[in-house]
Every structure is written in C-alpha cells, then in structure tokens.
Amino acid sequence: MTQQQRTQVVIIGAGPSGAVAAALLHQQQIDVIVLEKSTFPRFSIGESLLPACMEVIEQAKMLNAVTAAGFQFKDGAAFRYQDRYTTFDFNDKFTVGPATTYQVQRGQFDKVLADEAVSQGVEIRYEHSVEAIECLESKSVLTVTGADKKSYILEADFVLDASGFGRVLPRLLALDKPSHLPPRQAIFCHVTDHINAEKCSVDYDRNKILISVHPHSADVWYWLIPFSNGTCSLGVVAPPQWLADYGDDSLAVLKQLVNEEPGLATILAAAEYPIKAATIEGYSANVTQLATSNYALLGNAGEFLDPVFSSGVTIAMKSAQLAANVLTRSFAGEQVDWQCDYAQPLMLGVDTFRTYVEGWYSGELQRVIFHPNPDSKIKQMICAILAGYAWDTNNPFVTQSQRRLAVVAALCAK
C-alpha cells in the first residue's frame, strides 16, 4: 500500500529560492517539506550574485552563514569593448540598500543556504523526485519517489516549484510557452586563472564581474567571475549559428574565442583550463501562468531571461520572498490573489531586467554603458538596476524602463 503523508507547503527544489522560501515560511510556523532530486553540493551555473540578494538572505536569517563561507567579495561590474573599459561601483547607485555581495561557486553556496535552512528546522528530503501532481480544489496531491526508489503520496495545501532549470511543474502541467528572446548558446567552464592584477597590462578588478564584448560581434559576450580560491567561472554567449562555424569541440571553441578578445586573452594568459567545457542552449524560458491557488513558480522554474546581468538568483530570491509573504497571509486567514499579490509584483522586476537584456543585444544599452562621458545621475539609476534593485519604483529607469533607455541611448548615439 502506498504511504500517504501531508504538510502545509511542499517546495520542489532546495536551491536558493527553495531554501530561502522554506526558511521564511518556517519562521512563520508554517509546516514545510522540501523535495530535492539531487544531493548537495552539486554544480549549478549562475555564480555572480547581486547586492539586492543580501536583503533577502538577511531576512531568511542566513547572512551570517553566507558571510562566514569565505566567498569572493563583489562591489560592482566592469565592462570591456575593444579599447573601452568602464566600471559600475554598486556603492554609487540610486537605490538605498546593500552595495556589496559575493561571487560564489554555486555548489558550495547552495549547500550553505540549504544547510542553514535545515539548522533552522526545515525538513529537506534529498534524492526525492516529484513524478506527478494532481491539483484539486483545496489541495494538491504529489506522487514522489524517494531515495529508496519507493513511491509515496504527499498532500499539500500549496506547492512552490523552486526546481530551476528542472522546471518540474511546467513540465508536468504543460505550462511551458516559448520565450520571445532569440535562442542563444553558452559555453563555459571553471579555470584556474593565475591572474596577477598588479602586473596585468590591462585594467582588471577581481572584486567585480567582468563582461567583455567580442571586438567584432557586439551580440557575442563573455563573463569572467573570479572566486576566492584562485579560480574563475568563464563563459561566452553567442547565437548558435554564429558558434557553428567554430567546430564541435566546446573547450577549443572557448579558448579560441578568449584569444579573439585581446583584453580577456591578456588577463587569462596563464590560465589552466579543464579537460572539457560545458554548453547550454536555448535556455530562455517562459510559462503560461506563474501562480494559481494551488502552486507558484519561483525563479527559473517560471521565467529565465539571460545570464548577461546575473539576474537569475536575484529573481529567484525575490520570488521566494514574495511567495512566502503571500502564503503567510493566506494561512493567517487573509484573502489573497496570486496574480495581483505575487505574479504582477514579481514581473515588475523581471520586465525591468528584460528591458536591459533586450537593450544589451540591440546595442542601446551598450551605447549607454560605454559612453565616454556618462551623466552621473543616469549612471546611478542604471547602476541600481545592475545591482538588482529592479523593483524600486522610485527609479524612473524601472517604471519607464523602455522609454528611458531608448531616449538615453539615442542621446549617446549623437
């Protein structure tokens, strides 16, 4: 006979959004069970955090654990295109809030958050996979396979899907819809960098993520995310058809493309590469709906835009914060509307990030970023968004993102 269990909230996935949501709900004495198909630590891409994350981490009472983990300090972002190099210092931003954060190996970072949630009393079941879900009027019924390969039934008042690129509920409930963003491919790996910034002949700041643009193809860009242990996450993003001419050996393609960008080639001249690189293609995703009275999709399980501004973890944590708040009100007896109280507020920031992702690839944002004489106030407003404060409605580059960016880009083109 199949075992049956019950809880108030099931969270699918123990990554950043799942661990944070679980901790926030547990603080409100709401019963939570987290189901994670993997064991931790496990590799995940998306290693550069934004300062806005730190507010949510602190609210989840995880800040001390994250601070103690020894991650690479981060205080801004640097951009290079041909002979132009510019930086955004997150201390000089429009929005009030934390101005520094970390660059993290996600395997370690995700484990720190998950372990901290467990230490607070959250139950995480590793190697438990959701095989099916039935959404009923007042509950959801999940079929779960445990680490022992045996199935059981788990009933919940509500389900949060924090499965990231696993996208469990979109797959099981046929919620996926095509993203309107053009398909792109990323090639990436971790390198032992051997960077000596003092002797480097080009500008380099280890406390900032470096975004470099291919000198001859402005829609092709690289990330370089340094870690505290002397390694870096290195990747290149390009249209798949553009990369096809370089061959099938992903590591060889990555090395060749690094050598085509003189600044990056100089910085990584002594780098040691692994034996192979990984690829991901067509990663932008969208869904028909983010939430109902039965479930809500957090972070990448709902929508993923593009890695260019490291918005993934920030959107994940913001979604966890919003969903936990709505659930807390609901369990307290308040009437809630998941579209108005969760989906619309979350999409305010997602759509802001979308404006700047699209502006990056159209060239509008690159014209603004690389302008030799930026307006200090405009730069502060854009810097706030790059720092993750995409929900600050006091910032006109949030509330009027498309119009403001278009106007400024036009002025910068003159």
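Bear in mind the structure is a predicted one, so any value in this text is a computation, not a measurement. In this numbering scheme, every chain counts its residues from 1 along its sequence in written order. Whole-chain, interface and lining totals are the exception, using all residues; otherwise, since this is a predicted model, local features are given only for residues with pLDDT of at least 70 and side-chain atom pairs are given and counted only at 80 or more. In computing side-chain values, all of the structure's heavy atoms are included and hydrogens and water are not.

Visitor: Quick question: what am I supposed to make of the overall build of the protein chain here?
Guide: Helix and strand assignments follow DSSP, with helices taken as H or I runs no shorter than four residues and strands as E runs no shorter than two, numbered in order from the N terminus. The number of helices and strands found in the protein chain is 14 helices and 18 strands. A compact globule built from 414 residues would reach a C-alpha radius of gyration of about 22 Å, and the protein chain, at 21 Å, matches this within 12%. If one aligns the C-alpha atoms of the protein chain with their principal axes, the spans along those axes are about 65 × 45 × 40 Å. Partly exposed describes any residue whose relative accessible area lies between the buried limit of under 20% and the exposed limit of over 50%, with all areas from a 1.4 Å probe on protein chains only and scaled to the type maximum. Taking all 414 residues of the protein chain together, 57% fall into the buried category. By definition in these notes, contact holds between two residues if any of their heavy atoms fall within 4.5 Å. In the protein chain, once contacts between residues fewer than 6 apart in sequence are set aside, the share between residues at least 24 apart is 73%. Surface accessibility of the protein chain: about 17200 Å² in total, with carbon and sulfur atoms responsible for 48%. Just so you know, the count uses Lys and Arg for positive and Asp and Glu for negative, and it drops His and the chain ends. For this purpose, a charge sits on NZ of Lys, CZ of Arg, CG of Asp or CD of Glu. Placing the 32 positive and 44 negative side-chain charges of the protein chain at their respective mean positions leaves the two points 2 Å apart. A radius of gyration in this sense is built from C-alpha atoms; the matching globule rule multiplies 2.2 Å by the number of residues raised to 0.38. Note that accessible areas follow from Shrake-Rupley with a 1.4 Å probe, and for residues the cover is restricted to the protein chains shown.

Visitor: Explain the sheet that holds strand 13 (residues 208-214) here, please?
Guide: Where strands meet in a sheet, backbone hydrogen bonds hold them as pairs that are either parallel or antiparallel. In this analysis, strands are considered paired if DSSP registers two or more bridges between them. Ordered by their spatial adjacency, seven strands build an open sheet running 5-4-13-14-15-12-16, and the pairing between neighbours is mixed. The open sheet has two edge strands, strand 5 (84-89) and strand 16 (278-281), and neither has a second partner. In this sheet, adjacent strand axes meet at a mean angle of 20 degrees when their direction is disregarded. Bridge analysis of strand 14 (residues 217-226) against strand 15 (residues 231-238) gives six bridges, and the strand direction is antiparallel. In the strand pairing of strand 15, Ile-225 is matched with Ser-233. Under this scheme, a helix contributes an axis fitted over its contacting stretch, all axes are lines through C-alpha atoms, and angles between N-to-C directions fall in the 0 to 180 degree range.

Visitor: Whenever I open this one, helix 12 (residues 376-386) confuses me. Can you help?
Guide: Note: α-helices contain 3.6 residues per turn, so residues at a spacing of three or four share the same orientation. Listing the buried residues of helix 12 in full gives Met-381, Ile-382, Cys-383, Ala-384, Ile-385 and Leu-386. Close packing links the buried residues of helix 12 with strand 4 (76-81), strand 5, helix 10 (338-362), helix 11 (364-369) and helix 13 (396-399). For helix 12, the N-terminal cap is Asp-375; the gap from its side-chain oxygen to the backbone nitrogen of Lys-377 is 3.0 Å. Following helix 12 by one or two positions, Gly-388 adopts a phi angle in the positive range, close to 100 degrees. Pairing of N or O atoms within 3.5 Å defines a polar contact, subject to two protein rules: one partner must be a possible hydrogen donor and the other a possible acceptor, and residues neighboring in sequence count only if both atoms are side-chain atoms.

Visitor: Mind showing me how you'd approach the nonpolar core here?
Guide: In a soluble, globular protein the nonpolar side chains are often hidden away together inside. If you look at the biggest cluster of nonpolar residues, it comprises 122 residues, and the most contacted ones within it are Ile-11, Phe-79, Leu-160, Trp-338, Tyr-342 and Trp-360. In terms of residue count, the dominant contributor to this core is helix 10 (11 residues). What counts as a domain boundary in this text is fixed by an automatic or database domain assignment. When residues are assigned to domains, this core turns out to be shared by domain 1 (4-76 + 103-178 + 284-349) and domain 2 (185-281), each giving three or more. We call a set of buried Ala, Val, Leu, Ile, Met, Phe, Trp, Tyr and Cys residues a nonpolar core when their side-chain atoms join them within 4.5 Å. Ranked by size, the runner-up nonpolar core spans 26 residues in total, among them Ile-187, Cys-189, Leu-210 and Leu-264.

Visitor: Honestly, the pairing of strand 15 in this entry has me stumped. Any pointers?
Guide: Two faces make up the sheet, and in a regular strand the side chains alternate between them. Counting buried positions over the eight residues of strand 15 gives eight, a clear majority of the element. Residues Thr-231, Ser-233, Gly-235 and Val-237 point to one face of strand 15 and Cys-232, Leu-234, Val-236 and Ala-238 to the other, with burial holding for every one of them. Note that strand 12 (residues 185-192) and strand 15 share eight bridges and pair antiparallel. Bridging across to strand 15, His-190 finds its partner in Ser-233. Counted along the chain from strand 14 to the antiparallel partner strand 15, the turn is four residues long, and its residue Gly-230 has a positive phi close to 85 degrees.

Visitor: Is there a simple way to think about the packing of helix 2 (residues 52-59) against helix 9 (residues 312-331) in this case?
Guide: In helix packing, the relevant descriptors are the interaxial angle and the interaxial distance, both defined with respect to the helix axes. Across the interface, helix 2 lies against helix 9 with an axial gap of 9 Å and an inter-helix angle of 40 degrees. Between helix 2 and helix 9, the crossing angle belongs to the class labelled oblique. Regarding helix 2 and helix 9, the two cross each other, and that crossing is left-handed. In this structure, helix 2 uses Ala-52, Cys-53, Val-56, Ile-57 and Gln-59 to contact helix 9, whose residues at the interface are Val-313, Thr-314, Met-317 and Gln-321. Under the convention adopted here, Pro, Cys and the residues Ala, Val, Leu, Ile, Met, Phe, Trp and Tyr are nonpolar, Asp, Glu, Lys and Arg are charged, and Gly plus all remaining residues are polar. Tallied by class, residues from the contact of helix 2 with helix 9 come to six nonpolar, three polar and no charged. Roughly parallel covers angles under 35 degrees, roughly antiparallel covers those over 145, roughly perpendicular covers 65 to 115, and oblique covers all other angles. Definitions for this section: a left-handed crossing has its near helix turned counterclockwise from the far helix by less than a right angle. A right-handed crossing has that turn clockwise.

Visitor: Please clarify how the packing of aromatic side chains should be interpreted in this entry.
Guide: Ring pairs (aromatic) are described by centroid distance and by the angle formed between their planes. Working definition: a ring pair exists when centres of Phe, Tyr or Trp rings (six-membered ring for Trp) sit within 6.5 Å. Plane angles under 30 degrees give stacked, over 60 give edge-to-face, the rest tilted. On inspection of all chains with the given rule, the structure shows 15 aromatic pairs. Both rings, one in Phe-40 and one in Tyr-126, keep their centres 5.4 Å apart while their planes meet at 55 degrees; by these two values the pair is tilted. Of this pair, Phe-40 sits in the loop between strand 2 (32-36) and helix 2 while Tyr-126 sits in strand 7 (residues 123-126), placing them 86 residues apart in sequence. Taking the relative accessible area as the measure of exposure, Phe-40 reaches 13% and is therefore buried. On the basis of relative accessibility, which here comes to 24%, the residue Tyr-126 falls in the partly exposed class. The rings of Phe-43, Phe-188, Trp-221 and Trp-223 are connected pair by pair, giving a single aromatic cluster. Positioned above the aromatic ring of Tyr-361, the side-chain terminus of Arg-184 is 3.3 Å from the ring centre. The criterion is that NZ of a Lys, or CZ of an Arg, lies within 6 Å of the ring centre and within 35 degrees of the ring normal, and then a charge sits over that ring.

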